[in-house]
Every structure is written in C-alpha cells, then in structure tokens.
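Take a look at the letters that make up each chain.
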2 protein chains.
Amino acid sequence: MPQGKPGRVPEDGLTTRQRRNRPLVLVHTGTGKGKSTAAFGLALRAWNQGWPIGVFQFVKSAKWKVGEENALRVLGASGEGGTVDWHKMGEGWSWIQRPAAAGEPDNESRAREGWEQVKRDLAAETYKLYVLDEFAYPLHWGWIDVAEVVSVLRERPGTQHVVITGRNAPAELREFADLVTDMTKVRHPMDAGQKGQRGIEW
Amino acid sequence: MPQGKPGRVPEDGLTTRQRRNRPLVLVHTGTGKGKSTAAFGLALRAWNQGWPIGVFQFVKSAKWKVGEENALRVLGASGEGGTVDWHKMGEGWSWIQRPAAAGEPDNESRAREGWEQVKRDLAAETYKLYVLDEFAYPLHWGWIDVAEVVSVLRERPGTQHVVITGRNAPAELREFADLVTDMTKVRHPMDAGQKGQRGIEW
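Residues numbered from 1 in each chain as written. Chains lettered and ligands numbered in written order. Predicted model: local features only at pLDDT ≥ 70, side-chain atom pairs only at ≥ 80, totals over all residues.

**Student:** Quick one: what's the story with the overall build of chain A, residue by residue and with numbers?
**Tutor:** Of the regular secondary structure elements, chain A holds 7 helices and 6 strands. Along chain A, helices and strands appear, N-terminal first, in the series α-β-α-β-α-β-α-β-α-α-β-α-β. Evaluated residue by residue, chain A yields a buried proportion of 46% over its 202 residues. Residue pairs in contact within chain A that sit at least 24 positions apart in sequence constitute 82% of those at least 6 positions apart. (Helix = DSSP H or I, 4+ residues; strand = E, 2+ residues; numbered from the N terminus. Buried ≥ 20, exposed ≤ 12 C-beta atoms within 10 Å, placed from the backbone. Contact = placed C-beta atoms within 7 Å.)

**Student:** I'd love a proper account of helix α4 (residues 107-124) of chain B, names of residues and values included.
**Tutor:** All names here are of chain B. Look at α4: 26 Å from first C-alpha to last across 18 residues, which is about the 26 Å you get at 1.5 Å a residue. Buried within α4 are the following residues: Arg110, Ala111, Gly114, Trp115, Val118, Asp121 and Leu122. Seen from one end, α4 has its buried residues packed into an arc of 140°, which puts them on one side. Facing away from the buried side of α4 by over 90 degrees, the exposed positions are Ser109, Glu116, Arg120, Ala123 and Ala124. On its buried face, α4 is in contact with β2 (53-57), β4 (129-133), α5 (136-140) and α6 (146-155). Taken from the residues just after α4, Glu125 is the one with a positive phi, measuring 50°. (Expected span 1.5 Å × (residues − 1). Arc of directions from axis to C-beta.)

**Student:** So what's going on with the nonpolar core? Which residues, and what values?
**Tutor:** What tends to happen in soluble globular proteins is that the nonpolar side chains get buried as a cluster. Counting residues in hydrophobic clusters, the biggest one holds 94 residues, and the most contacted among them are A:Ala43, A:Val131, B:Ala43 and B:Val131. Leave out the neighbours within four places in its chain, and A:Ala43 touches A:Ile53, A:Leu72, A:Leu129 and A:Val131. (Core = buried A, V, L, I, M, F, W, Y, C linked by C-beta atoms within 7 Å.)

**Student:** Tell me about the confidence of the model for chain A, and please be specific about residues and values.
**Tutor:** Detailed reading of the predicted coordinates is not advisable wherever pLDDT is low. Per-residue confidence for chain A gives a mean pLDDT of 85; residues scoring 70 or more make up 79%. Both scores are given for the predicted complex: the pTM is 0.79, the ipTM 0.73. (pLDDT = per-residue confidence, 0-100.)

**Student:** Now, about the pairing of β2(B): what can you tell me, with residues and values included?
**Tutor:** Residues and elements named next belong to chain B. Most of β2 is tucked away, with 5 of its 5 residues classed as buried. In terms of strand pairing, β2 meets strand β3 (residues 84-88) through 5 bridges, oriented parallel. Considered in β3, the bridge of Gln57 is made with Lys88. In this sheet, β4 lies alongside β2 in parallel orientation, the contact comprising 5 bridges. (Pairing = 2+ DSSP bridges.)

**Student:** I'd like to hear about the environment of A:Trp202, residue by residue, with values.
**Tutor:** All names here are of chain A. Tracing the backbone through its elements, the reader meets Trp202 in the segment after β6 (179-187). On the basis of neighbour counts, which here come to 19 C-beta atoms within 10 Å, the residue Trp202 falls in the partly exposed class. Between the C-alpha atoms of Trp202 and Glu134, which are 68 residues apart in sequence, the distance is 15 Å.

**Student:** Which residues make up the environment of A:Val152, and what values do they have?
**Tutor:** Residue and element names in this part refer to chain A. Relative to the helices and strands, Val152 is located in helix α6 (residues 146-154). The sequence separation of Val152 and Leu122 amounts to 30 residues, and the corresponding C-alpha distance is 8.5 Å. If we ignore the near neighbours within four places in the chain, the residues touching Val152 are Lys119 and Leu122.

Next comes the structure, spelled out in structure tokens:
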C-alpha cells in the first residue's frame, strides 16, 4: 500500500487528520505463514513511533516466537523507541501472583485471565498497540465470548490499535475489524517433509 | 505452524538435522497487507539467531518502512544478535560511489544494480538471511530476468535463506520457492476512505 491513497473520501464528517489517527482493529487470519510475524513487524513501526506496546501471547507453549520476543525486549529497553511489555499465557501471565501450592488452572481459565487483563489495560489506555497473538483460537473455541470482545473493542477509549492473530478468526470479529488479511498458504516446506527451522520458524 | 510436524517424511536421503538446516526461498505475495511486515518479522528471528542479515529494498521511495529500518538498525547495532545491513534503491544503493556530476540512472538500471549486488553477496555468502523487499516488482515488469534469478537462487552456496516480497510474484519464482504465502486482502481501511496511518502503515 505504498501510496496510501484511499479509494474514496468517506462522508463521515472527520478531517483527514482525524482519519489518520483513527484507532484500528486488525485481524491476521488464515492457514498460511506470516500472521504473527506480520503482527510483530507492525510492532516495529509502533516502537519506532515511541508507542507503548503490549504483547499478549495466547499460546500454551513459550517455546515459539522467542526470536520476536528477544528482539522486541531489546528494542523496548534501548531507550530509543517505545516500550514493550510481553505477557505470556504459557508462563501463567506475568501479572498473576499465584500461590505456589495452588493447582495450575486449565488453558481456558488462563485465556480468560489474559482477556480480563486486556480489558483492564484498554480501559486504562495502557498501550497504543496491543498484539493479541493467537487470540483467535480461544475465540474460535468459545472460551471467550466474541460478542463481548467486539463490544469492548468498539467502546475502547482513546487511540488504541489492536492486532489479533490466529486461524479461524470468528465471522463476528472479521466483520467488525477495520482490516482483515487472510494469509493463504500456497506452498509450505512442511508439506514436503521439511522440518521447522531455527531462525525461520522461531 | 506451532507444532512443526511435517506432513510426511520425504525420501530425500537427508537426515532430520540436514532438513532442519536446508536453505529456503520464501515468497510473500498477493494484494493484502503483511508481505513486507512478515518478512521483517522473520528478520527478528534471524537476528535472534545471530545471523548476518542483508535487506535490499527495491522501492523508489525511502519514505516507507522507516519503522522497520530503524528497529533493525538498533537491533543490528545492539551487539546482542546478528548484524543488519540495509540497502536502499531509493537512495541509489549504499555500495555505489556515483560521481556527483553524473545523471541519475533510471529505476530499471537501479533495480538491476541491486540484483547484481545480491548475486555477489550470495556468491560470497555474505548473509544468512536476505530480505529482497518488493523484489517481485522488477521481476514482474521484466526488468530482471526471472529465469536467471531462479538459477542463481538454485545454485547459491551454503545455507542462505532468501525472502522475496511484492505483488505479482512471477509463476516461475512461485514454482521454485520452498514457501509461498499469498496475503489476501479481505478488508482494508483504505477501501473505506481511511488514510494511511503513522505507526500502522510506516
């Protein structure tokens, strides 16, 4: 989208400046590669603008995406751009002080805890960019109510951009989002027996 | 692709370790957002592995992707991961010492100069990851011969991964690539008159 020319001028009563600062909800879905990598690529732009960034990883294992995590942590600590908070469900979420003796909650409960924190941060306008990585899964599985998510996103205050990744993003979310990209797999090396590779897959 | 399970075990005589280190050519094409952002997201993984990274931007204007560029420059200079060289066609390529009095070459010549340098770097194994950003365009326009590119990529020595982005990636390149992802536009805010936004589009 190098030119950045809108297809038409909308009759929404907004100035160009207002339209340039409209908070967006972006969805990266589909079966192809690049959903999360594009979201983290977007985080580089947000970082360069000096924005506070919150990453919430809704995945069980913290093994993957360690490259992006390390890179964004180094950037966030560099003092040259925005800040980066990285929250991982797979490690029980950073803000939860869980008693050591307590049993581990199941993934559904953990995913809900994550969403509750996102809601609190949106209300407090903690970040300017939220990367809700793999958040489409708990929505697809019915762990978190899509209607509630859309309602919370619709009512969020200020200028907070939200990127949601994951296969099978529910129709209600896709309808609501400002931008939806479907990463379509044309060919993937794993189809031909290629193993996941360091530096490429994580 | 969190599990990293291949669909089948190939009869290529390679060990798992060899298959884990096979040099890949990846193509991000299609009309949707995320082609370049996913390529730069991939560069974060490469950086985290300590790989030398070469970015070649085959675009006229250096205005866009400044966020990714600044972020990768900071990462490359951090001393914590790999190095990053960032070459821009829009600024006449960094390696060319052009006489100040000379006329500026046209974009076709510049694109060819860029490809000639990529060839030299591939032969010298300068990088472990090459991001050939928007390289699909000069191929699509016939400025650079696709058959030659495929031949050079096929014969490249060592373990050098190459990511090529841009709409309209030629069929011959798509056929050759190990991974092809088509970023499909489902909905884009510019369709509704949304202006390009700082931190989102660049």
